[in-house]
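# Structural overview
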Amino acid sequence: MNIPKYSKMFFMVFILLQIIGCASSQRISLNNFSESIITAEKWGGTPANDSLAKRHTITHITIHHQGEPFPEGKDPVKYLQNLQKWSRNEKHWIDIPYHFIIDLNGKVYEGRNINFAGDTNTEYNPTGHALIEVVGNFEEVEPNEMQLEALIKTITWLADKYIVPVDSIRGHKDYSSKTVCPGKNLYRYLENKYIADEVRKNLKSK
Ligand SMILES: [Zn+2]
(Lines give C-alpha, C1' and ligand atoms only; values in the text may rest on other atoms or scores of the structure.)
Protein backbone atom coordinates (compact mmCIF):
# COMPACT_ATOMS: atom_id res chain seq x y z
CA MET A 1 0.00 0.00 0.00
CA ASN A 2 1.34 3.34 -0.96
CA ILE A 3 0.75 5.44 2.16
CA PRO A 4 2.05 8.76 0.84
CA LYS A 5 -0.40 8.52 -2.05
CA TYR A 6 -3.37 8.05 0.34
CA SER A 7 -2.12 10.83 2.59
CA LYS A 8 -2.03 13.09 -0.41
CA MET A 9 -5.61 12.14 -1.30
CA PHE A 10 -6.83 12.75 2.25
CA PHE A 11 -5.01 16.05 2.23
CA MET A 12 -6.74 17.06 -1.02
CA VAL A 13 -10.16 16.09 0.41
CA PHE A 14 -9.35 18.05 3.55
CA ILE A 15 -8.45 21.13 1.50
CA LEU A 16 -11.61 20.73 -0.59
CA LEU A 17 -13.74 20.59 2.58
CA GLN A 18 -11.98 23.69 3.86
CA ILE A 19 -12.81 25.52 0.62
CA ILE A 20 -16.47 24.44 0.78
CA GLY A 21 -16.57 25.41 4.46
CA CYS A 22 -15.12 28.84 3.74
CA ALA A 23 -17.47 29.44 0.85
CA SER A 24 -20.51 28.63 2.96
CA SER A 25 -19.38 30.85 5.84
CA GLN A 26 -19.22 33.74 3.37
CA ARG A 27 -22.95 33.44 2.77
CA ILE A 28 -24.60 35.03 5.71
CA SER A 29 -27.86 34.31 7.38
CA LEU A 30 -29.35 37.65 8.28
CA ASN A 31 -31.72 36.14 10.86
CA ASN A 32 -28.93 34.47 12.79
CA PHE A 33 -26.85 37.59 12.52
CA SER A 34 -29.25 39.84 14.43
CA GLU A 35 -29.38 37.24 17.22
CA SER A 36 -25.58 37.36 17.50
CA ILE A 37 -25.55 41.08 18.36
CA ILE A 38 -24.69 41.63 22.03
CA THR A 39 -27.49 43.82 23.33
CA ALA A 40 -26.82 46.84 25.55
CA GLU A 41 -28.63 45.01 28.33
CA LYS A 42 -26.19 42.09 28.03
CA TRP A 43 -23.03 44.22 28.26
CA GLY A 44 -24.43 46.16 31.20
CA GLY A 45 -25.59 49.30 29.39
CA THR A 46 -28.56 51.29 30.61
CA PRO A 47 -31.28 52.57 28.26
CA ALA A 48 -31.36 56.19 27.13
CA ASN A 49 -34.08 58.52 28.34
CA ASP A 50 -36.33 58.26 25.31
CA SER A 51 -38.21 61.47 26.13
CA LEU A 52 -34.94 63.28 25.18
CA ALA A 53 -34.28 61.15 22.09
CA LYS A 54 -34.72 62.29 18.52
CA ARG A 55 -36.50 59.55 16.58
CA HIS A 56 -35.44 58.96 12.98
CA THR A 57 -35.80 56.62 10.03
CA ILE A 58 -32.63 54.98 8.69
CA THR A 59 -31.65 56.14 5.18
CA HIS A 60 -27.82 55.96 5.40
CA ILE A 61 -25.17 53.70 6.91
CA THR A 62 -22.06 55.51 8.12
CA ILE A 63 -18.78 53.96 9.24
CA HIS A 64 -16.58 55.32 12.02
CA HIS A 65 -13.45 54.22 13.80
CA GLN A 66 -12.69 54.69 17.47
CA GLY A 67 -9.76 56.93 16.56
CA GLU A 68 -7.69 55.63 19.48
CA PRO A 69 -5.59 52.48 19.84
CA PHE A 70 -7.53 49.45 21.11
CA PRO A 71 -4.81 47.14 22.46
CA GLU A 72 -5.17 43.35 22.32
CA GLY A 73 -6.62 42.16 25.65
CA LYS A 74 -8.53 45.37 26.39
CA ASP A 75 -12.00 44.47 27.66
CA PRO A 76 -14.65 45.63 25.15
CA VAL A 77 -17.39 45.52 27.81
CA LYS A 78 -15.47 47.93 30.08
CA TYR A 79 -14.77 50.09 27.03
CA LEU A 80 -18.52 50.27 26.23
CA GLN A 81 -19.49 50.98 29.83
CA ASN A 82 -16.93 53.82 29.97
CA LEU A 83 -18.01 55.13 26.58
CA GLN A 84 -21.61 55.27 27.78
CA LYS A 85 -20.60 57.12 30.97
CA TRP A 86 -18.39 59.56 29.02
CA SER A 87 -21.14 60.19 26.43
CA ARG A 88 -23.64 61.08 29.16
CA ASN A 89 -21.46 62.81 31.74
CA GLU A 90 -18.97 64.68 29.53
CA LYS A 91 -20.87 65.18 26.29
CA HIS A 92 -24.41 65.36 27.73
CA TRP A 93 -25.65 63.07 24.97
CA ILE A 94 -28.47 60.62 25.69
CA ASP A 95 -26.20 57.64 24.99
CA ILE A 96 -23.17 56.30 23.11
CA PRO A 97 -23.12 58.20 19.80
CA TYR A 98 -23.03 55.01 17.66
CA HIS A 99 -25.68 52.34 17.14
CA PHE A 100 -23.27 49.40 16.76
CA ILE A 101 -19.70 48.81 17.89
CA ILE A 102 -17.38 46.11 16.47
CA ASP A 103 -14.54 44.81 18.67
CA LEU A 104 -11.19 43.22 17.69
CA ASN A 105 -12.77 39.74 17.50
CA GLY A 106 -15.56 40.86 15.19
CA LYS A 107 -18.18 40.76 17.94
CA VAL A 108 -20.97 43.28 17.35
CA TYR A 109 -22.41 45.21 20.30
CA GLU A 110 -25.53 47.32 20.40
CA GLY A 111 -24.88 50.96 21.32
CA ARG A 112 -27.59 53.58 21.08
CA ASN A 113 -31.09 52.40 20.18
CA ILE A 114 -31.18 52.37 16.35
CA ASN A 115 -34.49 54.28 16.42
CA PHE A 116 -32.75 57.28 17.99
CA ALA A 117 -30.51 59.61 15.93
CA GLY A 118 -26.82 59.49 16.84
CA ASP A 119 -24.45 62.25 17.89
CA THR A 120 -21.19 63.67 16.56
CA ASN A 121 -18.39 66.07 17.50
CA THR A 122 -18.30 67.28 13.88
CA GLU A 123 -20.57 69.39 11.72
CA TYR A 124 -22.69 66.79 9.91
CA ASN A 125 -26.23 65.89 10.91
CA PRO A 126 -26.36 62.15 11.73
CA THR A 127 -30.18 62.00 11.65
CA GLY A 128 -31.17 59.10 9.40
CA HIS A 129 -27.72 57.49 9.67
CA ALA A 130 -27.11 54.07 11.19
CA LEU A 131 -23.72 54.63 12.82
CA ILE A 132 -21.22 51.79 13.12
CA GLU A 133 -17.98 52.19 15.06
CA VAL A 134 -15.07 49.81 14.57
CA VAL A 135 -12.60 49.86 17.49
CA GLY A 136 -9.00 50.97 16.85
CA ASN A 137 -7.29 53.81 15.03
CA PHE A 138 -7.18 53.03 11.30
CA GLU A 139 -4.86 55.89 10.56
CA GLU A 140 -2.30 53.81 12.46
CA VAL A 141 -3.28 50.13 12.10
CA GLU A 142 -5.17 47.93 9.63
CA PRO A 143 -8.62 46.63 10.48
CA ASN A 144 -8.31 42.85 11.00
CA GLU A 145 -10.24 40.26 8.96
CA MET A 146 -12.73 39.56 11.76
CA GLN A 147 -13.56 43.24 12.00
CA LEU A 148 -13.99 43.60 8.24
CA GLU A 149 -16.20 40.52 8.05
CA ALA A 150 -18.36 41.73 10.97
CA LEU A 151 -18.59 45.18 9.41
CA ILE A 152 -19.82 43.75 6.11
CA LYS A 153 -22.36 41.54 7.90
CA THR A 154 -23.65 44.45 9.98
CA ILE A 155 -23.96 46.67 6.92
CA THR A 156 -25.69 43.92 4.90
CA TRP A 157 -28.18 43.30 7.70
CA LEU A 158 -28.91 47.04 8.05
CA ALA A 159 -29.11 47.65 4.28
CA ASP A 160 -31.58 44.78 3.98
CA LYS A 161 -33.69 45.78 6.97
CA TYR A 162 -33.94 49.50 6.19
CA ILE A 163 -33.61 49.26 2.37
CA VAL A 164 -30.56 51.50 2.29
CA PRO A 165 -29.02 51.87 -1.19
CA VAL A 166 -25.40 50.70 -1.44
CA ASP A 167 -24.43 54.25 -2.53
CA SER A 168 -25.52 55.51 0.89
CA ILE A 169 -22.93 53.39 2.69
CA ARG A 170 -20.16 55.86 3.46
CA GLY A 171 -17.52 56.97 5.94
CA HIS A 172 -17.74 59.79 8.46
CA LYS A 173 -15.24 61.90 6.50
CA ASP A 174 -17.56 61.88 3.47
CA TYR A 175 -19.81 64.21 5.50
CA SER A 176 -17.27 66.25 7.45
CA SER A 177 -14.07 68.07 6.56
CA LYS A 178 -13.09 68.07 10.24
CA THR A 179 -12.16 64.41 10.50
CA VAL A 180 -10.15 61.59 8.91
CA CYS A 181 -12.61 59.08 10.47
CA PRO A 182 -12.85 56.08 9.78
CA GLY A 183 -9.09 56.28 9.13
CA LYS A 184 -7.31 55.72 5.82
CA ASN A 185 -6.80 51.97 6.31
CA LEU A 186 -10.52 51.35 6.72
CA TYR A 187 -11.66 54.08 4.34
CA ARG A 188 -9.69 52.29 1.58
CA TYR A 189 -12.35 49.52 1.55
CA LEU A 190 -15.04 52.11 0.85
CA GLU A 191 -12.93 53.88 -1.78
CA ASN A 192 -12.08 50.72 -3.74
CA LYS A 193 -15.75 49.56 -3.52
CA TYR A 194 -14.82 46.34 -1.67
CA ILE A 195 -17.50 46.93 0.98
CA ALA A 196 -20.14 47.92 -1.60
CA ASP A 197 -19.38 44.85 -3.75
CA GLU A 198 -19.47 42.44 -0.80
CA VAL A 199 -22.73 43.89 0.52
CA ARG A 200 -24.31 43.71 -2.94
CA LYS A 201 -23.19 40.06 -3.26
CA ASN A 202 -24.60 39.21 0.18
CA LEU A 203 -27.92 40.92 -0.55
CA LYS A 204 -28.27 38.99 -3.80
CA SER A 205 -27.50 35.60 -2.25
CA LYS A 206 -29.55 35.95 0.92
ZN1 LIG B 1 -16.42 59.21 13.04
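Refer to the structure above for everything that follows.
Residues numbered from 1 in each chain as written. Predicted model: local features only at pLDDT ≥ 70, side-chain atom pairs only at ≥ 80, totals over all residues. Heavy atoms only, no water.

## Some details on the overall build of the chain
- Within the chain one finds seven helices and five strands.
- In sequence order, the secondary structure elements of the chain are arranged as α-α-α-β-α-β-β-β-α-β-α-α.
- In the chain, which comprises 206 residues, the proportion classed as buried is 45%.
- Counting only contacts in the chain whose residues sit at least 6 apart along the sequence, the fraction spanning at least 24 positions is 75%. (Helix = DSSP H or I, 4+ residues; strand = E, 2+ residues; numbered from the N terminus. Buried < 20%, exposed > 50% of the residue type's maximum accessible area, 1.4 Å probe, protein only. Contact = heavy atoms within 4.5 Å.)

## Some words on the coordination of the zinc ion
- Those donors, H64 (ND1), H172 (ND1) and C181 (SG), are the protein atoms that reach the zinc ion, and they lie 2.1 to 2.2 Å from it.
- In the primary sequence, the donor residues of the zinc ion line up as H-x107-H-x8-C. The exposure classification of H172 matches that of C181, with both residues buried. (Donors = N, O, S within 2.8 Å, 3.2 Å for Na, K, Ca; no water.)

## Focus: the side chain of T122
- Here T122 is to be found in the loop between β3 (108–110) and β4 (129–134).
- A polar contact of 2.8 Å, which involves the side chain of T122, links it to the side chain of T120.
- Here H172 takes part through its side chain, which lies 2.7 Å from a polar atom of the side chain of T122.
- Among residues more than four places away in sequence, those in contact with T122 are H172, S176, K178 and T179. (Polar contact = N/O pair within 3.5 Å; in protein donor to acceptor, adjacent residues only side chain to side chain.)

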